[in-house]
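Topology and contacts: notes
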Amino acid sequence: MKLLIATWGEPKTWRKVTYRFRKEEESNCSTLSLIQRVLKPDKTIVLANDTLVGKSKIINTCTDKNKDPETTQESLNFSGNRYDEVLKFVTTYIEKTLKSFKASANNIWVLPSAGYYPNATVKGELSDVRYCLFTEFFKIFDQLLKEDKIEVYLDITHGQNFMPVSVYEVLKTVLEILAFFVKEVKLTVLNSDPFIYSSKPSFLEIHEVITKQIKPAPYLYYSDKFNFLSPAKGNKINLRTILEPIQEIKKTIPINLKESIPAFLGAIYNALPLVIFYTYLHPKYIETLLAKAIEIYKENIKVKTNNEKIILEKTLKLSPEMEILAVYGMFVKGLQTKFPNLDEIAYYRTKNYIKVPLDSLKKVAFGFMSFNNRNELFLKKELGHLKRIVKE
């Protein structure tokens with residue numbers, strides 16, 4: 001499978017230039033069409049920010065690089081007052097721009113951002129981009145697990161300032177988790193020569209900046225809180241009331257998240273397979289929690305109009321636990337796919353007891369945890385000792 005991910009800023013001011021990629025050339029305002037033609041990806045995801053919202057947006061028809069962009073008479077007008085309307089507006093804007101640039105996308109992820117722009121003022125936290133991205137990758141992780149080989153191409157040519165760094169960091173973590181379950185995972189980062197107002201050079205080369213095989217890597221971050229949301233800077237709100245729906249979901253979960261998730265993630269690093277069975281949680285609980293947190297976050301975004309600008313005010317911010325829960329969720333999705341009897345074994349656990357067949361323990365140990373020499377040697381020794389005890 002080939003997956004292409006492109007970070008996009010504001011496309012309305014992009015000029016037509018000639019791009020070259022692997023000896024192929026194309027004149028366009030974006031690299032995406034050429035990259036798609038050369039790579040023929042199975043899936044393309046375009047990442048955009050909610051800062052693209054505006055009272056009126058005109059679609060760039062893509063013109064010569066030394067001229068201002070010519071535009072059609074087609075324009076998009078925003079008059080909503082809800083955040084779901086903002087997301088729909090930005091998605092439509094990107095869809096129409098893609099069509100104008102003769103490119104396409106299977107998915108457009110509009111991410112929450114922050115900043116002051118001519119068209120909009122967005123008050124919020126830039127870290128929300130990272131945490132929201134993790135939840136989006138959690139949603140499509142099932143699809144990625146079906147593959148034996150995955151090539152991921154990240155085009156950062158048009159990424160807006162902080163976006164390429166955030167996306168790369170999240171993507172690398174996701175692929176390092178995926179590598180536990182997929183035989184071959186490869187990441188290539190693409191970026192073109194910078195655009196300049198000059199007749200030379202006659203083309204901009206799209207470079208393969210990074211190409212690397214991704215190896216499995218444990219996740220080592222930890223949080224002692226699992227609220228998922230907190231007040232954004234300058235906002236005083238009753239968090240207890242806002243988090244009530246999340247607390248109700250937590251009551252239905254058969255494990256203590258605060259204790260079990262760090263233990264689960266630590267067990268991967270320290271090669272403790274029995275802990276995996278004891279702290280395993282079915283992905284449906286994680287999906288419900290993440291979806292509810294995102295829903296509450298979006299419901300508490302205020303949308304206003306001031307003169308000719310749209311103002312978005314995010315009264316809440318996503319917390320690091322969103323990332324940790326999504327990472328945990330990707331691991332358990334992978335384990336559920338590779339070891340189908342995990343659900344059945346975990347179902348019969350009690351507070352202080354769980355019965356795990358030795359064969360199941362060995363499968364998880366050597367099929368999941370022996371990703372380096374240290375773990376492999378430790379597991380062989382410990383499971384060998386356990387096997388002798390069982391025989392006796």
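Our subject in this report is the structure included herewith. It should be emphasised that the depicted structure is a prediction, and the values quoted were computed from it without experimental measurement.

A separate point is the overall build of the chain. Regarding its fold elements, the chain presents 13 helices and 16 strands. Taking 392 residues into account, the globule formula puts the C-alpha radius of gyration at 21 Å, and the chain, at 24 Å, falls close to it. For the chain, the spread of C-alpha atoms along the principal axes amounts to about 85 × 55 × 25 Å. The buried share among the 392 residues of the chain stands at 52%. When the 58 positive and 44 negative side-chain charges of the chain are each reduced to one mean point, those points stand 2 Å apart.

On the basis of which strands lie adjacent, the open sheet formed by eight strands has the order β3-β2-β12-β11-β10-β1-β4-β7 and mixed pairing. In this open sheet, the two strands that pair with only one neighbour each are β3 (24-28) and β7 (107-111). Between one strand and the next, the sheet's axes are offset by a mean angle of 25 degrees, whatever the strand orientation. Here six bridges tie strand β1 (residues 2-8) to strand β10 (residues 149-158), and the two strands are oriented parallel to one another. For W8, the partnering residue across the bridge sits in β10 and is H158. Against the sheet, helix α2 (residues 83-100) contacts β1, β4 (43-49) and β7, and its axis sits at roughly 135 degrees relative to β7. Relative to the sheet, helix α3 (residues 127-145) contacts β1, β4, β7 and β10, its axis offset from that of β7 by approximately 155 degrees.

On to the nonpolar core, then. In terms of nonpolar packing, the biggest core is built from 135 residues, with I94, F331 and F368 touching the most fellow members. For F368, the contacting residues outside a window of four places in its chain are F180, F181, I268, I276, F331, L335, F339 and K363.

Going through the model one piece at a time under the given rule, you end up with 18 salt bridges. In this structure, the salt-bridge partner of E176 is K172, at a minimum N-O distance of 2.7 Å. On the criterion of helical spacing, the pair formed by E176 and K172 is a turn pair, its members being four residues apart in helix α4 (residues 163-178). Classification of E176 as buried rests on a relative accessible area of 16%. With a shortest N-O distance of 3.7 Å, E376 and K380 are connected by a salt bridge.

What follows deals with the packing of aromatic side chains. For the coordinates displayed, the defined rule picks out 15 aromatic pairs. Judged by centre distance (5.0 Å) and plane angle (80 degrees), the rings of W8 and W14 are edge-to-face. You'll find W8 and W14 in the same group, each marked buried. Here the aromatic residues F180, F181, F264, Y328, F331, F368 and F371 are joined through ring pairs into a cluster of three or more. Note that R20 overlies the ring of F203, its terminal NZ or CZ placed 3.8 Å from the centroid. The ring of Y269 carries R374 above its face, with NZ or CZ at 5.0 Å from the centroid.

Next up on the list: α2. With 18 residues, α2 extends 26 Å from end C-alpha to end C-alpha; this agrees with the ideal 26 Å at 1.5 Å per step. Looking at α2, one finds that the buried residues are Y83, V86, L87, F89, V90, Y93, I94, T97 and L98. K102, located one to two residues past α2, shows a positive phi value of around 60 degrees.

Attention now goes to the sheet that holds strand β9 (residues 120-123). Across the sheet, which stays open at both edges, the four strands sit in the order β8-β9-β15-β14 with mixed pairing between neighbours. Pairing within the sheet leaves two strands with one partner each, and these edge strands are β8 (115-116) and β14 (301-306). Pairing of β9 with strand β15 (residues 309-314) involves four bridges; the strand directions are parallel. Across the sheet, K123 pairs through a bridge with E313, a residue of β15.

A word on unusual backbone geometry. The phi angle at K23 is positive, at roughly 75 degrees, despite the residue not being glycine. Tracing the backbone shows K23 in the loop between β2 (17-21) and β3. A residue is classified by how much of its surface remains accessible, and K23, at 82% relative accessible area, is exposed. If you check the backbone angles, N161 has positive phi at about 20 degrees while not being a glycine. Following the sequence through the fold, N161 ends up in the loop between β10 and α4.

Cut-offs and rules
Residues numbered from 1 in each chain as written. Predicted model: local features only at pLDDT ≥ 70, side-chain atom pairs only at ≥ 80, totals over all residues. Heavy atoms only, no water. Helix = DSSP H or I, 4+ residues; strand = E, 2+ residues; numbered from the N terminus. Rg over C-alpha atoms; globule rule 2.2 N^0.38 Å. Buried < 20%, exposed > 50% of the residue type's maximum accessible area, 1.4 Å probe, protein only. Lys, Arg positive; Asp, Glu negative; His and termini not counted. Charge placed at Lys NZ, Arg CZ, Asp CG, Glu CD. Pairing = 2+ DSSP bridges. Axes fitted to C-alpha atoms, helices over the stretch in contact; angles between N-to-C directions. Contact = heavy atoms within 4.5 Å. Core = buried A, V, L, I, M, F, W, Y, C linked by side-chain atoms within 4.5 Å. Salt bridge = Lys/Arg side-chain N within 4 Å of Asp/Glu carboxyl O. Phe/Tyr/Trp six-rings, centres within 6.5 Å; stacked < 30°, edge-to-face > 60°. Lys NZ or Arg CZ within 6 Å of the ring centre and 35° of its normal. Expected span 1.5 Å × (residues − 1).

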